[in-house]
Amino acid sequence: MRRPLRIIMLGPPGSGKGTRAHIISELYGIPVITTGDMLREAVAKGTEYGKTAGGYMSRGELVPDEIVNGVVGERLGRSDLENGFILDGFPRSTPQAEFLDDFLEEHGLKLDYVIHVTLEDEAIVKRLSNRRSCPNCGEVYHLVSKPPKKEGVCDRCGSELILRGDDRPEVIRNRLAVYREKTQPLLDRYMKKGLIKEVPGDYSMDRLSEQLKRMLG
Ligand SMILES: [Zn+2]
């Protein structure tokens, strides 16, 4: 049995962070845990923190750090993570990162890697602005990698495809600027600890698996 692997994924929206998390998950047999999944599960189970989080979510408000931390603590304390975990979407702020450090230390666990998925802003803009969505059934297409059979029309339901507001170049550039400003303190923090591993967001799948195996052992 290999030693446990505990990994944090960092990377801008559209960088391919989620895909990379799932490749690592398959290579090493450890689960990807996202903040969204943890929150939804805690709410559904009615855990202590889940009840409070649910209130914020039903009002469409951002769940405060201390509640998110509570939910994460409940999740990371469960026994199915003895082989490790890949956190995607957590931590997102310095208070969240401090909580995670304390939690791991209290439980005698250590973080192995922080995988930073890198891709230039313009490449992300190109990637995301090529997305087309079906307003009727929710199917998502990509003009280069997953085009609809008939231009501008949904394969599944025949509705006309749209470019969502979130996927417009100027909106993407703004989201990326906000992301970079919020994430820089986390990158600095983990850089100091020597945990950062850079993974390019535009490698082919084969090249990516090779790099990950070399990096993670
Ligand atoms: Zn459709």
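The rules behind the values
Each chain has its residues counted from 1, running along the sequence as written. With the structure being a predicted model, the display of local features is reserved for residues of pLDDT at least 70 and the display and counting of side-chain atom pairs for 80 or more, all residues being used for whole-chain, interface and lining totals. Each side-chain value is derived from all of the structure's non-hydrogen atoms; neither hydrogens nor water enter the calculation. Counting from the N terminus, the helices are DSSP H or I runs at least four residues long and the strands are E runs at least two residues long. Radius of gyration means the value over C-alpha atoms here, while the globule rule gives 2.2 Å times the residue count to the 0.38 power. Relative accessibility thresholds used throughout: buried, under 20% of the residue-type maximum; exposed, over 50%; partly exposed, between the two (1.4 Å probe, protein chains only). Should any heavy atoms of two residues lie within 4.5 Å, those residues are counted as being in contact. For the area figures, the Shrake-Rupley method with a 1.4 Å probe applies, and any residue is considered shielded solely by the protein chains shown. Counted charges follow a simple rule, with Lys and Arg positive, Asp and Glu negative, and His plus the chain ends left uncounted. Charge placement uses NZ in Lys and CZ in Arg. For Asp and Glu, CG and CD serve respectively. Only the stretch in contact is used when fitting a helix axis, every axis being a line fitted to C-alpha atoms; angles between N-to-C directions are given from 0 to 180 degrees. When an angle is under 35 degrees it counts as roughly parallel; over 145 it counts as roughly antiparallel; between 65 and 115 it counts as roughly perpendicular; any other value is oblique. Crossing handedness is read from the near helix: turned anticlockwise from the far helix by less than a right angle, it gives a left-handed crossing, and turned clockwise, a right-handed one. Residues are grouped as follows: Ala, Val, Leu, Ile, Met, Phe, Trp, Tyr, Cys and Pro are nonpolar; Asp, Glu, Lys and Arg are charged; all remaining types, including Gly, are polar. Here a pair means two rings of Phe, Tyr or Trp (six-membered ring of Trp) with centres within 6.5 Å. Their orientation is stacked below 30 degrees between planes, edge-to-face above 60, and tilted elsewhere. Only when the NZ of Lys or the CZ of Arg is both within 6 Å of the ring centre and within 35 degrees of the ring normal is a charge said to sit over the ring. A patch is a set of surface residues, each over 30% in relative accessible area and not in a salt bridge, joined within 9 Å for like charges and within 5 Å for the nonpolar side chains Val, Leu, Ile, Met, Phe, Trp and Tyr. Salt bridge, as used here: a side-chain nitrogen of Lys or Arg that lies within 4 Å of a carboxyl oxygen of Asp or Glu.

S.K.: Quick question: what am I supposed to make of the overall build of the protein here?
M.R.: A tally of helices and strands in the protein yields 8 helices and 7 strands. Taking 2.2 N^0.38 as the reference for a compact globule, 217 residues should give roughly 17 Å; the C-alpha atoms of the protein span a radius of gyration of 19 Å, in line with that estimate. Taking the principal axes of its C-alpha atoms as reference, the protein extends roughly 55 × 45 × 35 Å. Burial statistics for the protein: of 217 residues in total, 43% are counted as buried. A separation threshold of at least 6 residues defines the contact pool for the protein, and within that pool the share at least 24 residues apart is 70%. Of the roughly 12,000 Å² that the protein leaves accessible, carbon and sulfur atoms contribute 50%. The protein carries 34 positive and 33 negative side-chain charges, and their two centres are separated by 4 Å.

S.K.: Would you explain the side chain of Ser93 in this entry?
M.R.: For Ser93, the position within the fold is in the loop between strand 3 (84-88) and helix 5 (94-106). The contacts of Ser93, once residues within four sequence positions are left out, are Asp65 and Leu186.

S.K.: Looking at this structure, how should I read the packing of helix 2 (residues 35-45) against helix 3 (residues 48-58)?
M.R.: Relative placement of two packed helices is described by the angle separating their axes and the distance separating the axes. The interhelical angle for the contact between helix 2 and helix 3, taken along N-to-C directions, is 110 degrees, at an axis separation of 8 Å. By the angle class used here, helix 2 and helix 3 are roughly perpendicular. Between helix 2 and helix 3 lies a crossing of left-handed hand. Contacts from Leu39, Arg40, Ala42 and Val43 of helix 2 reach helix 3 at Gly50, Ala53, Gly54 and Met57. Tallied by class, the residues present in the contact of helix 2 with helix 3 amount to 5 nonpolar, 2 polar and 1 charged.

S.K.: Honestly, the packing of helix 6 (residues 121-129) against helix 7 (residues 169-192) in this entry has me stumped. Any pointers?
M.R.: Two numbers describe how helix 6 lies on helix 7: the axes approach to 10 Å, and their chain directions differ by 135 degrees. The angle between the axes of helix 6 and helix 7 places the two elements in the oblique class. For the pair helix 6 and helix 7, the sense of crossing is right-handed. Residues Asp121, Glu122, Ile124, Val125, Leu128 and Ser129 of helix 6 form the contact with helix 7, whose own contacting residues are Pro169, Ile172, Arg173, Leu176 and Arg180.

S.K.: Where do I start with unusual backbone geometry in this structure?
M.R.: Leaving glycine aside, a negative phi is the common case for residues, and trans is the common case for peptide bonds. Cis geometry marks the peptide bond from Phe90 to Pro91, where omega comes out at -5 degrees. Along the chain, Pro91 turns up in the loop between strand 3 and helix 5.

S.K.: For this particular structure, what's the right way to read the packing of aromatic side chains?
M.R.: For any two aromatic rings, the description comes down to two numbers: the centre-to-centre distance and the angle of the planes. Throughout the structure, instances matching the rule amount to 1 aromatic pair. Ring centres of Phe99 and Phe103 lie 6.0 Å apart, and the angle between their planes is 35 degrees; this geometry places the pair in the tilted category. Taken as a pair, Phe99 and Phe103 lie in helix 5 at a separation of 4 residues, close to a single helical turn. A relative accessible area of 8% means that Phe103 is categorised as buried. When the ring centre of Tyr56 is taken as reference, the NZ or CZ atom of Arg59 above it lies at 5.2 Å. Residue placement shows Arg207 over the ring face of Tyr203; its charged tip is 3.8 Å from the ring centre.

S.K.: Looking at this structure, I do not really get a negative patch on the surface. What am I missing?
M.R.: Negative charge collects at one region of the surface, where Glu98, Asp102, Glu105 and Glu106 lie side by side. On the secondary structure map, Glu98 appears in helix 5.

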